[in-house]
Amino acid sequence: KSQGLFLYDQLSNELKQYNFNNYRLNVHEQLYTTCAYKDRQNTIWAIVNGTEHQVYKLNRATDAFEPAFADMSFDMVKKLSSYCMLEDTFGTLWFGTWNNGVFAVDKTTGIKANYLNTEGVDKILHIHSIVEYEPVTFYIGSNEGLTSLMGTPIKGYKRDEHLREPVLSNCFVYPIYKDR
């Protein structure tokens, strides 16, 4: 069984365990917590592969992780299987996936756009890290190297056009850090 995710509470000096076994798809498969992320509103997000909803957020009132996108179809949520996520300047969540490129996701309504996922054109596999270099400009680290992605903000949270610049490095990149 998976041990889940552990959160440390500095005030109480306690380490609390959260497991996702009640969302398990197959009792014979291991669950993998591949990413934990805290957004600007201090919401804790968890990506747990092998579960029904893949993406969860901590409900502070109930002190339990709940499906982040309960209304999204299983097939759509499964595409968000990720090893990294980021909240950009405009509040959009970006998921770097293992097999499906990069997804821009609105926290309440779900997937807005999918980038770097066109077979033979700009498909990037095994994304390990995403950094917002400046508003709407991202660096993406993957098995295939370092790539940049530019989006255009529309009405605050949406993206439309994107441009994949030439690959900046063709060697495995993991992780990326931005100097503040």
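Side note on the overall build of the protein chain
Scanning the protein chain from N- to C-terminus turns up one helix and 16 strands. Expressed as a percentage of the 180 residues in the protein chain, the buried residues total 43%. Of the roughly 10,200 Å² that the protein chain leaves accessible, carbon and sulfur atoms contribute 49%.

Here's the deal with the sheet that holds strand β5 (residues 55-59)
The antiparallel open sheet is built from four strands, whose spatial order is β3-β4-β5-β6. The outermost strands of the open sheet, each flanked by one partner alone, are β3 (32-38) and β6 (64-67). The sheet shows a mean angle of 30° between the axes of neighbouring strands, direction not considered. Pairing analysis gives four bridges linking β5 to β6, with the strands arranged antiparallel. Looking across to β6, one finds that Leu-58 is bridged to Phe-65.

Structural notes on the nonpolar core
Proteins that are soluble and globular tend to have nonpolar side chains buried together. In this structure, Phe-69, Phe-95 and Ile-130 are the most contacted members of the largest nonpolar core, which totals 29 residues. If you list the elements that add at least two residues to this core, you get β3, β4 (44-49), β7 (82-87), β8 (93-97), β9 (102-106), β10 (110-115), β11 (127-134) and β12 (137-142). Counting residues per element, this core draws most heavily on β9, at four residues. Judged by nonpolar contacts, the second largest core, of 11 residues, contains Leu-31, Tyr-56, Leu-58 and Phe-65.

Digging into a nonpolar patch on the surface
Taken together, the side chains of Phe-6, Tyr-8 and Leu-15 present a nonpolar region at the surface, about 330 Å² in accessible area. The exposed category is assigned to Leu-15, whose relative accessible area is 58%.

Considerations on the packing of aromatic side chains
One pass over the full model with this rule turns up nine aromatic pairs. Each ring, one from Trp-94 and one from Tyr-115, has its centre 5.6 Å from the other, and the planes form 15°; the classification is stacked. Separated by 21 residues along the polypeptide, Trp-94 in strand β8 and Tyr-115 in strand β10 bring together distant segments of the chain. Across the pair, Tyr-115 and Trp-94 agree in class, each one buried.

Brief notes about unusual backbone geometry
Unlike most non-glycine residues, Asn-42 shows phi in positive territory, near 65°. With respect to the element layout, Asn-42 can be found in the loop between β3 and β4. Although it is not a glycine, His-126 adopts a positive phi angle of roughly 55°. Note that His-126 resides in the loop between β10 and β11.

Considering the side chain of Thr-137
In this fold, Thr-137 is placed in strand β12. If we ignore the near neighbours within four places in the chain, the residues touching Thr-137 are Val-131, Glu-132, Leu-149 and Met-150.

Focus: the pattern of salt bridges
All told, the structure shown has four salt bridges when counted by the stated rule. Of the charged contacts, one joins Arg-40 and Glu-87 as a salt bridge, the two residues approaching to 3.8 Å between their closest N and O atoms. Of this pair, Arg-40 sits in the loop between β3 and β4 while Glu-87 sits in strand β7, and the two are 47 residues apart along the sequence. We classify Arg-40 as partly exposed; its relative accessible area is 48%. Take Glu-87: its relative accessible area is 6%, and that puts it in the buried class. The shortest N-O distance in the salt bridge between Glu-87 and Lys-107 comes to 2.6 Å. One end of the pair, Glu-87, is in strand β7; the other, Lys-107, is in the loop between β9 and β10, with 20 residues separating them in the sequence. Per residue, the accessibility class of Glu-87 equals that of Lys-107, and both read buried.

Calculation rules
- Residues numbered from 1 in each chain as written.
- Predicted model: local features only at pLDDT ≥ 70, side-chain atom pairs only at ≥ 80, totals over all residues.
- Heavy atoms only, no water.
- Helix = DSSP H or I, 4+ residues; strand = E, 2+ residues; numbered from the N terminus.
- Buried < 20%, exposed > 50% of the residue type's maximum accessible area, 1.4 Å probe, protein only.
- Areas by Shrake-Rupley, 256 points an atom, 1.4 Å probe, with all protein chains shown as cover.
- Pairing = 2+ DSSP bridges.
- Axes fitted to C-alpha atoms, helices over the stretch in contact; angles between N-to-C directions.
- Core = buried A, V, L, I, M, F, W, Y, C linked by side-chain atoms within 4.5 Å.
- Patch = residues over 30% accessible without salt bridge, like charges linked within 9 Å, V, L, I, M, F, W, Y side chains within 5 Å.
- Salt bridge = Lys/Arg side-chain N within 4 Å of Asp/Glu carboxyl O.
- Phe/Tyr/Trp six-rings, centres within 6.5 Å; stacked < 30°, edge-to-face > 60°.
- Contact = heavy atoms within 4.5 Å.

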